[in-house]
Structures are given as C-alpha cells and as structure tokens.
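# Structural overview for review
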Amino acid sequence: MVPSAVLFVPGKSVQYYVEYAGGFTSDAARDRILVIRATGEVLPARKVRTVELGDIIFVPTRVMAERLRDRQAEFDAIVRSITAGAIVFRVIDTLVK
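The rules behind these values
Residues numbered from 1 in each chain as written. Predicted model: local features only at pLDDT ≥ 70, side-chain atom pairs only at ≥ 80, totals over all residues. Heavy atoms only, no water. Helix = DSSP H or I, 4+ residues; strand = E, 2+ residues; numbered from the N terminus. Buried < 20%, exposed > 50% of the residue type's maximum accessible area, 1.4 Å probe, protein only. Contact = heavy atoms within 4.5 Å. Areas by Shrake-Rupley, 256 points an atom, 1.4 Å probe, with all protein chains shown as cover. Lys, Arg positive; Asp, Glu negative; His and termini not counted. Charge placed at Lys NZ, Arg CZ, Asp CG, Glu CD. Phe/Tyr/Trp six-rings, centres within 6.5 Å; stacked < 30°, edge-to-face > 60°. Lys NZ or Arg CZ within 6 Å of the ring centre and 35° of its normal. Core = buried A, V, L, I, M, F, W, Y, C linked by side-chain atoms within 4.5 Å. Salt bridge = Lys/Arg side-chain N within 4 Å of Asp/Glu carboxyl O.

## Some thoughts on the overall build of the chain
- Helix and strand content of the chain: 3 helices and 3 strands.
- Helices and strands appear in the chain in the N-to-C order α-β-β-β-α-α.
- Dimensions of the chain, computed from the C-alpha atoms along their principal axes, are close to 45 × 30 × 25 Å.
- Counting all 97 residues of the chain, 26% fall into the buried class.
- Taking the intrachain contacts of the chain between residues at least 6 apart in sequence as the baseline, contacts between residues at least 24 apart amount to 51%.
- Here the chain has roughly 7200 Å² of accessible surface; of this, 59% comes from carbon and sulfur atoms.
- Of the charged side chains in the chain, 14 are positive and 11 negative, and the gap between their average positions amounts to 2 Å.

## Brief notes about the packing of aromatic side chains
- A complete count under the given rule lists 2 aromatic pairs for this structure.
- Ring geometry for tyrosine 16 versus tyrosine 17: centroids 5.0 Å apart, planes at 85 degrees, classification edge-to-face.
- Given the relative accessible area of 24%, tyrosine 16 is considered partly exposed.
- For tyrosine 17, a relative accessible area of 7% translates into the label buried.
- Judged by centre distance (5.7 Å) and plane angle (25 degrees), the rings of tyrosine 16 and tyrosine 20 are stacked. Pair noted here: tyrosine 16 and tyrosine 20 are both in helix H1 (residues 14–20), with a separation of 4 residues, about one helical turn.
- It is lysine 12 that lies over the ring of tyrosine 16; its NZ or CZ is 4.9 Å from the centre.

## Section: the environment of proline 10
- Its location among the elements puts proline 10 in the segment before H1.
- With relative accessibility at 64%, the residue proline 10 sits in the exposed group.
- C-alpha of proline 10 to C-alpha of glutamate 41: the two residues are 31 residues apart in sequence and 19 Å apart in space.

## Things to note about the nonpolar core
- Among the nonpolar cores identified, the biggest contains 9 residues, and these are Val14, Tyr17, Val18, Ile33, Val35, Leu43, Ala45, Val48 and Val51.
- If one sorts the elements of this core by residue count, H1 sits on top with 3 residues.
- By size, the runner-up hydrophobic cluster in this structure holds 5 residues, among which are Leu34, Ile36, Val42 and Val79.

## Overview of the pattern of salt bridges
- Overall, the coordinates contain 3 salt bridges when judged by the stated rule.
- Arginine 37 serves as the salt-bridge partner of glutamate 52, at 3.7 Å between the closest nitrogen and oxygen. Here glutamate 52 is found in the loop between strand E2 (42–44) and strand E3 (56–58), whereas its partner arginine 37 is found in the loop between strand E1 (34–36) and E2, with 15 residues between them in sequence.
- For arginine 37, a relative accessible area of 12% gives the class buried.
- Via salt bridges that share partners, Arg37, Glu52 and Asp55 belong to a single interconnected network.

Geometry only, nothing functional implied.
Listed below in structure tokens is the structure:
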C-alpha cells in the first residue's frame, strides 16, 4: 500500500523486491503485477526473469487491476510518454552541464 524504493541487487526476481518492500497486501492482484522498464516497456511480471536497474514494479489492488485491464492501451501510452519525457529531460540536463 505504501510505495517504497529498494536498493538494486543484480539477478534478483520480482518476488524478492516485493517481499523486501513489505510484501503483498490482502487485496493485491498478484496475477496482475507489472514491471515497467526504464525504456517505457510494460511487461507482466510472469514474463520477467530478473529485475533490471531502473525498473518499477507495480502491484495493483484487485479493483485497480480490473480498471487497468479495461484501459491497458491508455496506461501503456501514459507510461511511455512519462518515460520519454524523463529521458529527454535527462539528456538536456546532461548537455547543459
């Protein structure tokens, strides 16, 4: 229920990071976990063998998972837009320095 950051450890699984961040809540949709790559790619956790540096693990509630399922394309577009904006900002920030 509370977003948290966990120090990256190479080779660890999604399960490791969820447990280290406090585990699942009683209403977590464990079958709907998403991994958002730093590139903006959104993958179901079951297709991710190991977490990479910069990945975000999103564990929705059951209610949230139902709403996301209905709007998956919109969610993907929003995540890609945010990621692209962050990358552009970082490039500009690096060039200005």
